[in-house]
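A structural walkthrough
Spelled out from the first residue to the last, the chains are:
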Amino acid sequence: MQIWDAIADGVMDTVKLIPFLFLTYLVMEYIEHHTSDKTRAAIRRADRFGPLAGGLLGAFPQCGFSAAAASLYAGRVITGGTLIAVFLSTSDEMIPIFLSRRVDPGLIFRILGIKVLYGILAGFVVDFLFRSLNIRKIGAGIHGICEAEHCDCEKGIFSSSLKHTFSIALYIFLISVALNLFIEAVGTRNLEHLIFHQPVIGELLAGLIGLIPNCAASVALTTMYLDGAMSAGGMMAGLMVGAGVGLLVLFRANRSRRQNVKILLLLYAAGVIGGWLTSLLKLLPD
């Protein structure tokens, strides 16, 4: 891949996210500036059911939802469990690959169902066990993001939302170009040779590949499963961990690095465990 191809792909990946990011920040600004304290408190109390909505929304084949969820978490609009639910159920490039290979629709819906149900369950567990991820005082509200980016929010919600969107989009673009060049240098075929049908180790390695915030990772994982080079458990581990650019947005927008690392580790652990359960319970054909 030439550098211009990497840049072009980076532009396309970023442009697709801009509407999601802008609308997310616009909603956050509106909630902060045009609703009463009681209304904001009611929105936050509804977070106890957040993992349910997060798991369902994440199932749509669009990585914009994971980016939006990361921004909402950074502004403390949603909980850590809701964010995990979105990340685990996000489908990214899986569905297009399956459709292009004419995979049985029943299998596609079964995989989606497993990801959604597991994401919802894991989200509720995270909210119950890791309450520290939901502390409001760390970057609470859109003002926390404004402080981190030195944004003049008093100029209006539209202007502020544009500034936040541009800041995140530029970051995603630069990282995407670097990842495109790296993956081309490594080669997706070399990635394929890392994963076999080995129990336990296969899911652990697939989860690491899934952490790569680039669509090439989900494409490789799905293709390897369809070609018989990977077990169903390995594929599920990688696809559950694969949150698209959501992790990039989280590390850029959320000020607490400790929280970001904890969410990353929880996501990896949950994805790998999900892969192990898929293999152990034989939920999908190998």
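Model, not experiment: these values are computed from the prediction.

At 3.6 residues per turn, the α-helix brings residues three or four places apart onto the same side. Regarding helix α3 (residues 50-58), the residues found buried are G50, P51, G54, G55 and G58. Summarising the axial view, the buried residues of α3 lie within an arc of 125 degrees, below the 170-degree limit, and thus occupy one face. Against α5 (80-89) and α7 (105-129) lie the buried residues of α3.

What follows covers the environment of M235. On the secondary structure map, M235 appears in helix α13 (residues 232-241). Here the alpha-carbon distance between M235 and G210, two residues 25 residues apart in the chain, equals 9.1 Å.

This next bit is on the nonpolar core. In this structure, L83, M235 and L284 are the most contacted members of the largest nonpolar core, which totals 55 residues. At eight residues, the largest contribution of residues to this core is made by α7.

Residue position: K115 is located in helix α7. Residue class for K115 comes out buried when judged on its relative accessible area of 1%. Taking the C-alpha atoms as reference points, K115 and V86, 29 residues apart in sequence, are found 9.8 Å from one another. Those residues in contact with K115, other than ones at most four positions away along the chain, are L88, S89, T90, S91, M94, M236, L239 and M240.

In contact at an axis separation of 9 Å, helix α11 (residues 201-210) and helix α15 (residues 257-280) are set at 140 degrees when each is read in the N-to-C sense. The orientation of α11 relative to α15 falls into the category oblique. Here α11 runs over α15; the crossing is right-handed. For the pair α11 and α15, contact is made by E203, L204, G207 and L208 and by Y268, V272, G275, W276 and S279, respectively. In the contact of α11 with α15, the residues fall into five nonpolar, three polar and one charged.

This brings us to unusual backbone geometry. A positive phi is found at R76, a non-glycine position, where the angle reads about 60 degrees. According to the relative accessible area criterion, R76 is buried, its value standing at 1%. Although it is not a glycine, R102 sits at a positive phi angle of roughly 55 degrees. Within the secondary structure, R102 is located in the loop between α6 (94-100) and α7. R102 gets classed as exposed once you look at its relative accessible area, which sits at 78%.

Turning our attention to the side chain of T82. Of note, T82 is situated in helix α5. Look at T82 and you get buried, because its relative accessible area is 6%. There is a polar contact of 3.0 Å between the side chain of T82 and the side chain of T79.

Turning our eyes to something else, we now look at a nonpolar patch on the surface. Side chains of V200, I273, W276, L277, L280, L281 and L283 sit close together on the surface and give an oily, nonpolar patch of about 630 Å² of accessible area. Mapped onto the elements of the fold, L281 is located in the segment after α15. Residue L281 is classed as exposed on the basis of its relative accessible area of 53%.

What follows concerns the packing of aromatic side chains. Within this structure, the stated rule accounts for zero aromatic pairs. We note R76 situated over the ring of Y73; from NZ or CZ to the ring centre the distance is 4.4 Å.

Our focus in this paragraph is the environment of L248. Positionally, L248 belongs in helix α14 (residues 246-253). We classify L248 as buried; its relative accessible area is 10%. C-alpha of L248 to C-alpha of A67: the two residues are 181 residues apart in sequence and 8.1 Å apart in space.

Rules behind the numbers
Residues numbered from 1 in each chain as written. Predicted model: local features only at pLDDT ≥ 70, side-chain atom pairs only at ≥ 80, totals over all residues. Heavy atoms only, no water. Buried < 20%, exposed > 50% of the residue type's maximum accessible area, 1.4 Å probe, protein only. Helix = DSSP H or I, 4+ residues; strand = E, 2+ residues; numbered from the N terminus. Arc of directions from axis to C-beta. Contact = heavy atoms within 4.5 Å. Core = buried A, V, L, I, M, F, W, Y, C linked by side-chain atoms within 4.5 Å. Axes fitted to C-alpha atoms, helices over the stretch in contact; angles between N-to-C directions. Parallel < 35°, antiparallel > 145°, perpendicular 65-115°, else oblique. Left-handed = near helix turned anticlockwise from the far one by under 90°. Nonpolar A, V, L, I, M, F, W, Y, C, P; charged D, E, K, R; others polar. Polar contact = N/O pair within 3.5 Å; in protein donor to acceptor, adjacent residues only side chain to side chain. Patch = residues over 30% accessible without salt bridge, like charges linked within 9 Å, V, L, I, M, F, W, Y side chains within 5 Å. Areas by Shrake-Rupley, 256 points an atom, 1.4 Å probe, with all protein chains shown as cover. Salt bridge = Lys/Arg side-chain N within 4 Å of Asp/Glu carboxyl O. Phe/Tyr/Trp six-rings, centres within 6.5 Å; stacked < 30°, edge-to-face > 60°. Lys NZ or Arg CZ within 6 Å of the ring centre and 35° of its normal.

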